[in-house]
Amino acid sequence: MSTPSISTDPPGTAPASQAIAASPPANPRRWWLLAIVALAQLTVVLDGTIVNIALPQAQTALGMSDGDRTWVVTLYSLVFGALLLLGGRIADFWGRKRAFIVGMAGFAIASALGGAAQSTWELLAARGLQGLFAALLAPASLALLTVNFPGGKDRIKAFAVYGAIAGGGAAVGLILGGVLTEYASWRWCLYVNVPIAIVAIATAIPVIRESKAHGNTRYDMPGAILVALGLGSLVFGFAQAENGWGTWPVLVCLPVGLVLLGLFVWVESRSNHPLLPLRIMASRVRGGAFLTALLSGAALLGGLLFLTLYLQIVLGYTPIQSGLAALPMTATIMIGAGVLSKFLARTGVRIPMTVGPIVGAAGLLWLTGITVGGNYALAVLPGLILLGVGLAMIFVPLQNVALSGIAEHDAGAASAAVTAMQQIGGSLGTALFTALYTAAVSGYLVGKVPSQAVQFGALVSGYQSAFLWAAIIMFAAAPIAFFLVRPSKEDLLGSEPAVHLG
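These figures come from a predicted structure and were not determined experimentally. (Residues numbered from 1 in each chain as written. Predicted model: local features only at pLDDT ≥ 70, side-chain atom pairs only at ≥ 80, totals over all residues. Heavy atoms only, no water.)

Turning to the overall build of the chain, a few remarks are in order. If you tally the helices and strands in the chain, you get 21 helices and zero strands. Whereas a compact globule of 502 residues would reach a radius of gyration of roughly 23 Å, the chain reaches 22 Å, a difference of no more than 12%. Each principal axis of the C-alpha atoms in the chain carries an extent, and together these give about 70 × 50 × 45 Å. Sequence-distant contacts in the chain: of pairs separated by 6 or more residues, those separated by 24 or more amount to 86%. When the accessible surface of the chain is split by element, carbon and sulfur atoms take 70% of a total near 18,200 Å². Distance between charge centroids for the chain: 7 Å, based on 25 positive and 17 negative side chains. (Helix = DSSP H or I, 4+ residues; strand = E, 2+ residues; numbered from the N terminus. Rg over C-alpha atoms; globule rule 2.2 N^0.38 Å. Contact = heavy atoms within 4.5 Å. Areas by Shrake-Rupley, 256 points an atom, 1.4 Å probe, with all protein chains shown as cover. Lys, Arg positive; Asp, Glu negative; His and termini not counted. Charge placed at Lys NZ, Arg CZ, Asp CG, Glu CD.)

Attention shifts here to helix H13 (residues 284-314). Between the first and last C-alpha of H13 there are 44 Å, a value that for 31 residues agrees with the 45 Å anticipated at 1.5 Å per step. The buried count for H13 comes to 27 of 31 residues, which makes it a mostly enclosed element. Positive backbone phi, at 75°, marks glycine 316, one or two positions downstream of H13. (Expected span 1.5 Å × (residues − 1). Buried < 20%, exposed > 50% of the residue type's maximum accessible area, 1.4 Å probe, protein only.)

All right, on to the packing of aromatic side chains then. Here the structure, examined in full by the defined rule, presents ten aromatic pairs. For the pair tyrosine 76 and phenylalanine 80, a centre-to-centre distance of 5.8 Å together with 45° between the ring planes defines the contact as tilted. Linking tyrosine 76 with phenylalanine 80, this pair stays in helix H4 (residues 66-94), spanning four residues, or about one helical turn. The residues tyrosine 76 and phenylalanine 80 share a single accessibility class, namely buried. Relative to tyrosine 463, the ring of tyrosine 437 lies with its centre 5.5 Å away and its plane at 10°, an arrangement referred to as stacked. With tyrosine 437 in helix H18 (residues 411-445) and tyrosine 463 in helix H19 (residues 452-475), the pair connects residues that are 26 residues apart, well separated along the chain. Accessibility assignment for this pair places tyrosine 437 and tyrosine 463 in one class, buried. Ring pairs connect the aromatic residues Phe306, Tyr310, Tyr437 and Tyr463, which therefore count as one cluster. (Phe/Tyr/Trp six-rings, centres within 6.5 Å; stacked < 30°, edge-to-face > 60°.)

Counting 157 residues, the largest nonpolar core has Phe100, Leu145, Phe306, Met329, Leu364, Val380 and Tyr463 as the members making the most contacts within it. Element by element, the count of residues in this core is highest for H13, at 17 residues. (Core = buried A, V, L, I, M, F, W, Y, C linked by side-chain atoms within 4.5 Å.)

For the rest of this paragraph, the subject is a nonpolar patch on the surface. Residues Trp94, Val102, Tyr219 and Met221 make up a contiguous nonpolar surface patch of roughly 320 Å² in combined accessible area. Looking at where valine 102 falls in the secondary structure, it is placed in helix H5 (residues 96-115). Taking the relative accessible area as the measure of exposure, valine 102 reaches 32% and is therefore partly exposed. (Patch = residues over 30% accessible without salt bridge, like charges linked within 9 Å, V, L, I, M, F, W, Y side chains within 5 Å. Salt bridge = Lys/Arg side-chain N within 4 Å of Asp/Glu carboxyl O.)

Another aspect to go through is the packing of helix H2 (residues 30-46) against H5. Working note: a packed helix pair is described by the angle between its axes plus the distance between those axes. The N-to-C vectors of H2 and H5 enclose an angle of 40°; their axes lie 12 Å apart at closest approach. For the pair H2 and H5, the crossing hand works out as left-handed. Residues Ile36, Ala40 and Thr43 of H2 lie in contact with H5, whose contacting residues are Phe100, Met104 and Phe107. In the contact of H2 with H5, the residues fall into five nonpolar, one polar and no charged. (Axes fitted to C-alpha atoms, helices over the stretch in contact; angles between N-to-C directions. Left-handed = near helix turned anticlockwise from the far one by under 90°. Nonpolar A, V, L, I, M, F, W, Y, C, P; charged D, E, K, R; others polar.)

Let's shift gears to the side chain of histidine 273. Position of histidine 273 relative to the elements: it lies in the loop between helix H11 (248-270) and helix H12 (278-282). With sequence-adjacent residues up to four places away left out, histidine 273 is seen in contact with Asn216, Arg218, Tyr219 and Asp220.

All right, on to the packing of helix H3 (residues 50-62) against H13 then. Taken N-terminus to C-terminus, the directions of H3 and H13 make an angle of 45°; their axes are 10 Å apart at the nearest point. The angle between the axes of H3 and H13 places the two elements in the oblique class. Helix-helix and strand crossings are classified by hand; for H3 and H13 the assignment is right-handed. Mapping the contact onto sequence places Asn52, Ile53 and Pro56 in H3 and Leu305, Thr308 and Gln312 in H13. (Parallel < 35°, antiparallel > 145°, perpendicular 65-115°, else oblique.)

The next point concerns the environment of lysine 97. With respect to the element layout, lysine 97 can be found in helix H5. In this structure lysine 97 comes out as buried when scored by relative accessible area, which is 16%. Sequence spacing of lysine 97 and methionine 393 is 296 residues, and the spatial spacing of their C-alpha atoms is 30 Å. Apart from the residues lying within four places of it in its own chain, the contact partners of lysine 97 are Leu144, Ala204, Ile205, Ile208, Arg209 and Glu210.

Mean pLDDT over the chain stands at 83; residues scoring 70 or higher make up 90%. Taken as a whole, residues 1-24 scores under 50 in pLDDT and shows 48 contacts with residues more than four places along the chain or in a different chain. Taken as a whole, residues 495-502 scores under 50 in pLDDT and shows 17 contacts with residues more than four places along the chain or in a different chain. (pLDDT = per-residue confidence, 0-100.)

The subject of this paragraph is the environment of valine 199. Note that valine 199 resides in helix H9 (residues 193-207). Overall, the relative accessible area of 47% leaves valine 199 in the partly exposed class. Placed 160 residues apart in sequence, valine 199 and leucine 39 show a C-alpha to C-alpha distance of 9.3 Å.

Here it is in C-alpha coordinates:
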(Lines give C-alpha, C1' and ligand atoms only; values in the text may rest on other atoms or scores of the structure.)
Protein backbone atom coordinates (compact mmCIF):
# COMPACT_ATOMS: atom_id res chain seq x y z
CA MET A 1 0.00 0.00 0.00
CA SER A 2 1.21 3.49 -0.73
CA THR A 3 1.87 5.97 2.01
CA PRO A 4 -0.98 8.40 2.80
CA SER A 5 -0.80 11.57 0.76
CA ILE A 6 0.49 14.56 2.68
CA SER A 7 2.20 17.35 0.78
CA THR A 8 5.61 18.15 2.23
CA ASP A 9 6.73 20.78 -0.26
CA PRO A 10 7.62 24.07 1.47
CA PRO A 11 6.45 27.45 0.21
CA GLY A 12 8.35 28.46 -2.90
CA THR A 13 8.78 24.90 -4.21
CA ALA A 14 6.59 23.91 -7.11
CA PRO A 15 4.24 21.00 -6.39
CA ALA A 16 4.75 18.07 -8.73
CA SER A 17 1.66 18.91 -10.76
CA GLN A 18 2.73 22.52 -11.27
CA ALA A 19 6.30 21.58 -12.13
CA ILE A 20 5.04 19.16 -14.74
CA ALA A 21 2.51 21.57 -16.14
CA ALA A 22 5.26 24.11 -16.70
CA SER A 23 7.52 21.55 -18.35
CA PRO A 24 8.11 21.47 -22.10
CA PRO A 25 6.46 18.78 -24.23
CA ALA A 26 7.94 15.33 -23.76
CA ASN A 27 10.98 14.66 -25.88
CA PRO A 28 10.16 11.84 -28.35
CA ARG A 29 13.84 10.85 -28.21
CA ARG A 30 13.95 10.75 -24.42
CA TRP A 31 14.80 7.02 -24.28
CA TRP A 32 17.88 7.69 -26.42
CA LEU A 33 18.63 10.56 -24.07
CA LEU A 34 18.38 8.13 -21.14
CA ALA A 35 20.98 5.89 -22.78
CA ILE A 36 23.36 8.85 -23.23
CA VAL A 37 22.84 10.10 -19.68
CA ALA A 38 23.30 6.56 -18.32
CA LEU A 39 26.61 6.28 -20.18
CA ALA A 40 27.81 9.59 -18.75
CA GLN A 41 26.69 8.65 -15.25
CA LEU A 42 28.46 5.31 -15.51
CA THR A 43 31.67 7.06 -16.55
CA VAL A 44 31.53 9.44 -13.59
CA VAL A 45 30.61 6.82 -10.99
CA LEU A 46 32.97 4.07 -12.08
CA ASP A 47 35.85 6.54 -12.17
CA GLY A 48 35.50 6.76 -8.42
CA THR A 49 36.52 3.08 -8.13
CA ILE A 50 38.13 1.97 -11.41
CA VAL A 51 41.40 3.51 -10.25
CA ASN A 52 41.22 1.48 -7.01
CA ILE A 53 42.16 -1.66 -8.90
CA ALA A 54 45.06 0.09 -10.62
CA LEU A 55 46.40 1.74 -7.44
CA PRO A 56 48.99 -0.92 -6.51
CA GLN A 57 50.54 -0.82 -9.99
CA ALA A 58 50.31 2.96 -10.22
CA GLN A 59 51.90 3.32 -6.78
CA THR A 60 54.84 1.18 -7.84
CA ALA A 61 55.24 2.86 -11.23
CA LEU A 62 55.17 6.41 -9.88
CA GLY A 63 56.79 5.79 -6.50
CA MET A 64 53.79 7.02 -4.50
CA SER A 65 53.57 6.88 -0.72
CA ASP A 66 50.56 5.26 0.99
CA GLY A 67 49.22 8.73 1.76
CA ASP A 68 49.47 9.78 -1.89
CA ARG A 69 47.68 6.56 -2.87
CA THR A 70 44.72 7.48 -0.69
CA TRP A 71 44.62 10.98 -2.16
CA VAL A 72 44.32 9.58 -5.69
CA VAL A 73 40.87 8.37 -4.61
CA THR A 74 39.97 11.14 -2.19
CA LEU A 75 40.98 14.11 -4.38
CA TYR A 76 38.62 13.11 -7.20
CA SER A 77 35.67 12.80 -4.81
CA LEU A 78 36.63 15.97 -2.95
CA VAL A 79 36.85 18.28 -5.98
CA PHE A 80 33.82 16.63 -7.56
CA GLY A 81 31.66 17.04 -4.47
CA ALA A 82 32.91 20.50 -3.49
CA LEU A 83 32.12 22.02 -6.91
CA LEU A 84 28.90 20.15 -7.69
CA LEU A 85 26.57 22.87 -6.43
CA LEU A 86 28.27 25.48 -8.62
CA GLY A 87 28.25 23.02 -11.52
CA GLY A 88 24.53 22.49 -11.10
CA ARG A 89 23.81 26.20 -11.29
CA ILE A 90 26.09 26.60 -14.32
CA ALA A 91 24.09 23.85 -16.03
CA ASP A 92 20.81 25.59 -15.16
CA PHE A 93 21.88 29.04 -16.35
CA TRP A 94 24.32 28.25 -19.17
CA GLY A 95 22.31 25.42 -20.69
CA ARG A 96 22.15 21.77 -19.65
CA LYS A 97 23.05 20.35 -23.06
CA ARG A 98 26.01 22.70 -23.39
CA ALA A 99 27.19 21.90 -19.86
CA PHE A 100 26.86 18.17 -20.58
CA ILE A 101 28.99 18.35 -23.73
CA VAL A 102 31.68 20.60 -22.21
CA GLY A 103 31.78 18.49 -19.05
CA MET A 104 32.12 15.26 -21.02
CA ALA A 105 34.89 16.70 -23.24
CA GLY A 106 36.81 18.14 -20.29
CA PHE A 107 36.50 14.89 -18.37
CA ALA A 108 37.99 13.00 -21.33
CA ILE A 109 40.93 15.42 -21.64
CA ALA A 110 41.66 15.19 -17.90
CA SER A 111 41.51 11.38 -18.12
CA ALA A 112 44.03 11.38 -20.97
CA LEU A 113 46.37 13.59 -18.94
CA GLY A 114 46.08 11.24 -15.98
CA GLY A 115 46.81 8.22 -18.13
CA ALA A 116 49.97 9.90 -19.42
CA ALA A 117 51.17 11.00 -15.94
CA GLN A 118 54.84 10.43 -15.21
CA SER A 119 54.84 11.60 -11.60
CA THR A 120 52.61 11.59 -8.56
CA TRP A 121 51.72 15.26 -8.78
CA GLU A 122 50.72 14.93 -12.44
CA LEU A 123 48.33 12.08 -11.59
CA LEU A 124 46.88 13.98 -8.62
CA ALA A 125 46.42 17.11 -10.74
CA ALA A 126 44.63 15.09 -13.43
CA ARG A 127 42.35 13.50 -10.84
CA GLY A 128 41.46 16.93 -9.51
CA LEU A 129 40.74 18.12 -13.05
CA GLN A 130 38.54 15.07 -13.60
CA GLY A 131 36.58 16.00 -10.49
CA LEU A 132 36.14 19.56 -11.75
CA PHE A 133 34.58 18.55 -15.07
CA ALA A 134 32.58 15.75 -13.42
CA ALA A 135 31.04 18.46 -11.22
CA LEU A 136 29.67 20.06 -14.39
CA LEU A 137 28.75 16.82 -16.16
CA ALA A 138 26.90 14.96 -13.40
CA PRO A 139 24.26 17.59 -12.46
CA ALA A 140 23.70 18.42 -16.14
CA SER A 141 23.03 14.73 -16.82
CA LEU A 142 20.56 14.30 -13.97
CA ALA A 143 18.86 17.63 -14.73
CA LEU A 144 18.34 16.54 -18.35
CA LEU A 145 16.72 13.38 -17.05
CA THR A 146 14.51 15.34 -14.66
CA VAL A 147 13.31 17.73 -17.37
CA ASN A 148 12.70 15.05 -20.02
CA PHE A 149 10.96 12.59 -17.67
CA PRO A 150 8.78 14.95 -15.59
CA GLY A 151 6.21 12.38 -14.46
CA GLY A 152 4.46 9.07 -14.84
CA LYS A 153 5.74 5.50 -14.78
CA ASP A 154 8.34 6.36 -17.43
CA ARG A 155 9.96 8.59 -14.81
CA ILE A 156 10.20 5.67 -12.37
CA LYS A 157 11.77 3.46 -15.06
CA ALA A 158 14.25 6.16 -16.06
CA PHE A 159 15.35 6.84 -12.49
CA ALA A 160 15.53 3.10 -11.81
CA VAL A 161 18.13 2.83 -14.57
CA TYR A 162 19.97 5.86 -13.22
CA GLY A 163 19.81 4.55 -9.65
CA ALA A 164 21.07 1.11 -10.66
CA ILE A 165 24.08 2.73 -12.32
CA ALA A 166 24.67 4.95 -9.28
CA GLY A 167 24.73 1.87 -7.05
CA GLY A 168 26.35 -0.63 -9.40
CA GLY A 169 28.71 1.64 -11.29
CA ALA A 170 31.26 1.52 -8.50
CA ALA A 171 31.45 -2.27 -8.76
CA VAL A 172 31.56 -2.09 -12.57
CA GLY A 173 34.63 0.10 -12.11
CA LEU A 174 36.31 -2.69 -10.16
CA ILE A 175 35.62 -5.21 -12.93
CA LEU A 176 36.67 -2.94 -15.79
CA GLY A 177 39.70 -1.78 -13.84
CA GLY A 178 40.77 -5.37 -13.31
CA VAL A 179 40.52 -6.25 -17.00
CA LEU A 180 42.38 -3.14 -18.13
CA THR A 181 45.10 -3.38 -15.49
CA GLU A 182 45.83 -7.04 -16.12
CA TYR A 183 45.64 -7.09 -19.93
CA ALA A 184 46.73 -3.56 -20.78
CA SER A 185 48.07 -1.15 -18.13
CA TRP A 186 46.88 0.81 -15.14
CA ARG A 187 46.99 3.84 -17.43
CA TRP A 188 44.06 2.47 -19.45
CA CYS A 189 41.85 2.81 -16.39
CA LEU A 190 42.02 6.51 -17.26
CA TYR A 191 42.39 6.34 -21.04
CA VAL A 192 39.16 4.30 -21.35
CA ASN A 193 37.10 7.44 -20.67
CA VAL A 194 38.22 9.02 -23.96
CA PRO A 195 36.40 6.72 -26.44
CA ILE A 196 33.34 6.66 -24.15
CA ALA A 197 33.25 10.46 -24.18
CA ILE A 198 33.55 10.61 -27.97
CA VAL A 199 30.56 8.29 -28.39
CA ALA A 200 28.50 10.20 -25.79
CA ILE A 201 29.20 13.62 -27.32
CA ALA A 202 28.59 12.48 -30.90
CA THR A 203 25.24 11.00 -29.90
CA ALA A 204 24.22 13.85 -27.61
CA ILE A 205 24.53 16.61 -30.22
CA PRO A 206 21.57 15.46 -32.39
CA VAL A 207 19.49 13.81 -29.62
CA ILE A 208 19.52 16.20 -26.67
CA ARG A 209 17.65 19.47 -26.94
CA GLU A 210 18.78 22.48 -24.98
CA SER A 211 17.02 23.57 -21.81
CA LYS A 212 17.97 26.26 -19.34
CA ALA A 213 16.55 28.34 -16.51
CA HIS A 214 15.18 31.81 -17.14
CA GLY A 215 14.67 34.83 -14.96
CA ASN A 216 17.15 35.31 -12.10
CA THR A 217 20.37 33.75 -13.42
CA ARG A 218 23.03 35.48 -11.32
CA TYR A 219 25.69 33.30 -9.71
CA ASP A 220 26.20 33.11 -5.96
CA MET A 221 29.99 33.20 -5.80
CA PRO A 222 30.27 33.80 -2.00
CA GLY A 223 28.19 30.67 -1.48
CA ALA A 224 30.28 28.70 -3.96
CA ILE A 225 33.53 29.68 -2.22
CA LEU A 226 32.20 28.94 1.28
CA VAL A 227 30.80 25.50 0.44
CA ALA A 228 33.93 24.46 -1.49
CA LEU A 229 36.27 25.56 1.32
CA GLY A 230 34.03 24.09 4.01
CA LEU A 231 33.74 20.67 2.42
CA GLY A 232 37.42 20.69 1.50
CA SER A 233 38.41 21.47 5.07
CA LEU A 234 36.27 18.65 6.43
CA VAL A 235 37.67 16.04 4.06
CA PHE A 236 41.26 17.17 4.64
CA GLY A 237 40.74 16.98 8.39
CA PHE A 238 39.38 13.44 8.18
CA ALA A 239 42.18 12.41 5.83
CA GLN A 240 44.80 13.65 8.32
CA ALA A 241 43.14 11.71 11.15
CA GLU A 242 45.12 8.63 10.08
CA ASN A 243 48.12 10.37 11.70
CA GLY A 244 46.18 10.81 14.96
CA TRP A 245 42.96 12.53 16.02
CA GLY A 246 44.91 14.92 18.22
CA THR A 247 47.09 16.37 15.44
CA TRP A 248 46.70 20.04 14.53
CA PRO A 249 45.23 19.49 11.00
CA VAL A 250 42.37 17.50 12.56
CA LEU A 251 41.80 19.88 15.46
CA VAL A 252 41.80 22.91 13.14
CA CYS A 253 40.28 21.71 9.88
CA LEU A 254 37.23 19.88 11.21
CA PRO A 255 35.87 22.83 13.25
CA VAL A 256 36.76 25.30 10.48
CA GLY A 257 34.91 23.16 7.94
CA LEU A 258 31.78 23.09 10.10
CA VAL A 259 31.92 26.86 10.63
CA LEU A 260 32.31 27.53 6.90
CA LEU A 261 29.35 25.28 6.08
CA GLY A 262 27.31 27.10 8.71
CA LEU A 263 28.23 30.41 7.08
CA PHE A 264 27.23 28.93 3.72
CA VAL A 265 23.74 28.18 5.02
CA TRP A 266 23.51 31.70 6.48
CA VAL A 267 24.55 33.28 3.17
CA GLU A 268 22.09 31.13 1.21
CA SER A 269 19.21 32.14 3.49
CA ARG A 270 19.85 35.83 2.67
CA SER A 271 20.84 35.62 -0.99
CA ASN A 272 18.48 36.68 -3.79
CA HIS A 273 20.22 34.19 -6.10
CA PRO A 274 21.39 31.33 -3.87
CA LEU A 275 23.68 28.62 -5.12
CA LEU A 276 21.45 26.12 -3.30
CA PRO A 277 17.96 27.52 -2.69
CA LEU A 278 17.01 26.45 0.83
CA ARG A 279 13.49 25.67 -0.40
CA ILE A 280 15.05 22.59 -2.03
CA MET A 281 16.44 21.39 1.30
CA ALA A 282 13.48 22.48 3.44
CA SER A 283 11.26 19.58 2.38
CA ARG A 284 11.31 16.84 4.99
CA VAL A 285 11.14 14.19 2.28
CA ARG A 286 14.03 15.58 0.24
CA GLY A 287 16.07 16.23 3.38
CA GLY A 288 15.68 12.57 4.32
CA ALA A 289 16.67 11.49 0.82
CA PHE A 290 19.77 13.71 0.90
CA LEU A 291 20.88 12.31 4.27
CA THR A 292 20.32 8.78 3.01
CA ALA A 293 22.47 9.55 -0.04
CA LEU A 294 25.24 10.93 2.19
CA LEU A 295 25.35 7.92 4.50
CA SER A 296 24.99 5.25 1.81
CA GLY A 297 27.64 6.94 -0.36
CA ALA A 298 30.07 6.94 2.57
CA ALA A 299 29.47 3.27 3.35
CA LEU A 300 29.61 2.11 -0.28
CA LEU A 301 32.72 3.86 -1.58
CA GLY A 302 34.63 3.62 1.67
CA GLY A 303 33.81 -0.07 2.06
CA LEU A 304 34.64 -1.04 -1.52
CA LEU A 305 38.12 0.49 -1.28
CA PHE A 306 39.09 -1.85 1.56
CA LEU A 307 37.43 -4.86 -0.06
CA THR A 308 39.67 -4.31 -3.08
CA LEU A 309 42.78 -4.06 -0.89
CA TYR A 310 41.84 -7.24 1.00
CA LEU A 311 41.33 -9.27 -2.16
CA GLN A 312 44.58 -8.14 -3.79
CA ILE A 313 46.98 -7.78 -0.87
CA VAL A 314 45.83 -10.51 1.53
CA LEU A 315 44.21 -13.11 -0.73
CA GLY A 316 46.64 -12.43 -3.58
CA TYR A 317 44.00 -11.94 -6.28
CA THR A 318 45.07 -10.51 -9.62
CA PRO A 319 43.39 -7.24 -10.66
CA ILE A 320 40.92 -9.02 -12.94
CA GLN A 321 40.11 -11.63 -10.27
CA SER A 322 39.50 -8.82 -7.80
CA GLY A 323 37.18 -7.08 -10.23
CA LEU A 324 35.25 -10.24 -11.06
CA ALA A 325 34.87 -10.95 -7.35
CA ALA A 326 32.68 -7.83 -7.11
CA LEU A 327 30.48 -8.93 -10.05
CA PRO A 328 27.81 -10.61 -7.87
CA MET A 329 27.08 -7.30 -6.17
CA THR A 330 26.68 -5.54 -9.53
CA ALA A 331 24.43 -8.28 -10.89
CA THR A 332 22.30 -8.16 -7.75
CA ILE A 333 21.86 -4.40 -8.05
CA MET A 334 20.87 -4.61 -11.72
CA ILE A 335 18.36 -7.42 -11.12
CA GLY A 336 16.99 -5.72 -8.03
CA ALA A 337 16.56 -2.43 -9.90
CA GLY A 338 14.53 -4.10 -12.64
CA VAL A 339 12.26 -5.87 -10.17
CA LEU A 340 11.80 -2.91 -7.85
CA SER A 341 10.95 -0.44 -10.64
CA LYS A 342 7.89 -2.54 -11.53
CA PHE A 343 6.44 -2.35 -8.02
CA LEU A 344 7.61 1.05 -6.81
CA ALA A 345 4.46 2.88 -7.96
CA ARG A 346 2.35 0.54 -5.81
CA THR A 347 4.57 0.00 -2.79
CA GLY A 348 5.90 3.53 -2.45
CA VAL A 349 9.48 4.31 -1.46
CA ARG A 350 9.36 4.30 2.33
CA ILE A 351 9.58 0.53 2.77
CA PRO A 352 12.48 -0.13 0.34
CA MET A 353 14.44 2.90 1.52
CA THR A 354 14.07 1.74 5.14
CA VAL A 355 14.79 -1.94 4.58
CA GLY A 356 17.61 -1.28 2.08
CA PRO A 357 20.08 0.22 4.59
CA ILE A 358 19.40 -2.62 7.03
CA VAL A 359 20.11 -5.29 4.40
CA GLY A 360 23.17 -3.39 3.12
CA ALA A 361 24.50 -3.03 6.67
CA ALA A 362 24.03 -6.78 7.18
CA GLY A 363 26.18 -7.38 4.11
CA LEU A 364 28.94 -5.14 5.44
CA LEU A 365 28.75 -6.84 8.83
CA TRP A 366 29.20 -10.19 7.09
CA LEU A 367 32.42 -8.86 5.57
CA THR A 368 33.82 -8.26 9.06
CA GLY A 369 34.25 -12.06 9.20
CA ILE A 370 37.13 -12.05 6.71
CA THR A 371 40.36 -13.79 7.75
CA VAL A 372 43.93 -14.03 6.49
CA GLY A 373 43.24 -17.38 4.83
CA GLY A 374 39.65 -16.47 4.04
CA ASN A 375 37.32 -18.38 1.74
CA TYR A 376 35.70 -16.08 -0.82
CA ALA A 377 32.51 -18.16 -1.17
CA LEU A 378 31.87 -18.14 2.58
CA ALA A 379 33.42 -14.91 3.85
CA VAL A 380 32.86 -12.47 0.96
CA LEU A 381 30.16 -13.61 -1.51
CA PRO A 382 27.14 -13.60 0.87
CA GLY A 383 28.09 -10.14 2.08
CA LEU A 384 28.32 -8.78 -1.47
CA ILE A 385 24.91 -10.19 -2.40
CA LEU A 386 23.29 -8.68 0.69
CA LEU A 387 25.01 -5.37 -0.01
CA GLY A 388 23.76 -5.44 -3.61
CA VAL A 389 20.17 -6.07 -2.53
CA GLY A 390 20.36 -3.22 -0.03
CA LEU A 391 21.89 -0.77 -2.49
CA ALA A 392 19.23 -1.53 -5.11
CA MET A 393 16.51 -0.74 -2.57
CA ILE A 394 18.22 2.56 -1.74
CA PHE A 395 19.41 3.91 -5.07
CA VAL A 396 16.46 2.98 -7.32
CA PRO A 397 13.98 5.28 -5.53
CA LEU A 398 16.52 7.81 -4.24
CA GLN A 399 16.65 10.22 -7.19
CA ASN A 400 12.90 9.96 -7.68
CA VAL A 401 12.30 11.08 -4.12
CA ALA A 402 15.03 13.73 -4.04
CA LEU A 403 13.80 15.41 -7.24
CA SER A 404 10.02 15.11 -6.88
CA GLY A 405 8.22 18.44 -7.09
CA ILE A 406 11.30 20.38 -8.24
CA ALA A 407 10.54 23.24 -10.63
CA GLU A 408 12.54 23.22 -13.89
CA HIS A 409 14.38 26.41 -12.88
CA ASP A 410 16.05 24.51 -10.01
CA ALA A 411 16.56 21.14 -11.75
CA GLY A 412 20.34 21.52 -11.97
CA ALA A 413 20.74 22.79 -8.42
CA ALA A 414 18.62 19.97 -6.97
CA SER A 415 20.40 17.36 -9.10
CA ALA A 416 23.74 18.70 -7.93
CA ALA A 417 22.63 18.56 -4.30
CA VAL A 418 21.72 14.86 -4.33
CA THR A 419 24.86 13.94 -6.29
CA ALA A 420 26.99 16.07 -3.96
CA MET A 421 25.64 14.19 -0.97
CA GLN A 422 26.70 10.85 -2.47
CA GLN A 423 30.13 12.04 -3.55
CA ILE A 424 30.98 13.94 -0.39
CA GLY A 425 29.73 10.94 1.56
CA GLY A 426 32.14 8.75 -0.40
CA SER A 427 35.02 11.16 0.13
CA LEU A 428 34.38 11.51 3.86
CA GLY A 429 33.81 7.76 4.18
CA THR A 430 37.10 6.94 2.48
CA ALA A 431 39.01 9.40 4.65
CA LEU A 432 37.28 8.37 7.89
CA PHE A 433 37.63 4.63 7.27
CA THR A 434 41.29 5.09 6.36
CA ALA A 435 41.87 6.73 9.74
CA LEU A 436 40.00 3.95 11.56
CA TYR A 437 41.84 1.31 9.52
CA THR A 438 45.21 2.83 10.42
CA ALA A 439 44.31 2.94 14.10
CA ALA A 440 43.21 -0.72 14.06
CA VAL A 441 46.40 -1.83 12.28
CA SER A 442 48.60 0.04 14.76
CA GLY A 443 46.69 -1.41 17.71
CA TYR A 444 47.05 -4.95 16.39
CA LEU A 445 50.81 -4.63 15.98
CA VAL A 446 51.44 -3.48 19.56
CA GLY A 447 53.53 -6.07 21.43
CA LYS A 448 53.80 -8.51 18.50
CA VAL A 449 56.98 -9.74 16.83
CA PRO A 450 57.05 -8.56 13.20
CA SER A 451 56.42 -11.28 10.61
CA GLN A 452 54.44 -11.71 7.42
CA ALA A 453 51.65 -13.50 9.28
CA VAL A 454 51.44 -10.71 11.84
CA GLN A 455 51.45 -8.08 9.09
CA PHE A 456 48.59 -9.78 7.25
CA GLY A 457 46.73 -10.14 10.53
CA ALA A 458 47.11 -6.42 11.15
CA LEU A 459 45.79 -5.59 7.68
CA VAL A 460 42.76 -7.82 8.13
CA SER A 461 42.08 -6.22 11.52
CA GLY A 462 42.08 -2.82 9.79
CA TYR A 463 39.74 -4.00 7.03
CA GLN A 464 37.36 -5.48 9.61
CA SER A 465 37.25 -2.16 11.44
CA ALA A 466 36.46 -0.31 8.20
CA PHE A 467 33.63 -2.73 7.32
CA LEU A 468 32.17 -2.49 10.83
CA TRP A 469 31.98 1.29 10.76
CA ALA A 470 30.65 1.27 7.20
CA ALA A 471 27.85 -1.02 8.41
CA ILE A 472 27.05 1.31 11.30
CA ILE A 473 26.90 4.33 9.00
CA MET A 474 24.69 2.55 6.45
CA PHE A 475 22.34 1.27 9.16
CA ALA A 476 21.90 4.86 10.39
CA ALA A 477 20.11 5.65 7.12
CA ALA A 478 17.23 3.27 8.00
CA PRO A 479 15.50 5.36 10.71
CA ILE A 480 16.06 8.51 8.66
CA ALA A 481 14.22 6.98 5.71
CA PHE A 482 11.47 5.55 7.91
CA PHE A 483 10.61 8.80 9.65
CA LEU A 484 11.36 11.37 6.92
CA VAL A 485 10.99 9.80 3.46
CA ARG A 486 7.21 9.68 3.16
CA PRO A 487 6.17 11.27 -0.16
CA SER A 488 2.66 10.97 -1.53
CA LYS A 489 1.96 8.84 -4.58
CA GLU A 490 1.25 12.03 -6.53
CA ASP A 491 4.67 13.44 -5.65
CA LEU A 492 6.31 10.19 -6.73
CA LEU A 493 4.49 9.77 -10.05
CA GLY A 494 3.48 13.29 -11.00
CA SER A 495 1.39 13.15 -14.15
CA GLU A 496 2.18 11.63 -17.51
CA PRO A 497 2.85 14.43 -20.01
CA ALA A 498 1.50 14.29 -23.50
CA VAL A 499 3.99 13.27 -26.15
CA HIS A 500 4.34 15.73 -29.00
CA LEU A 501 6.10 14.41 -32.06
CA GLY A 502 7.91 16.46 -34.61
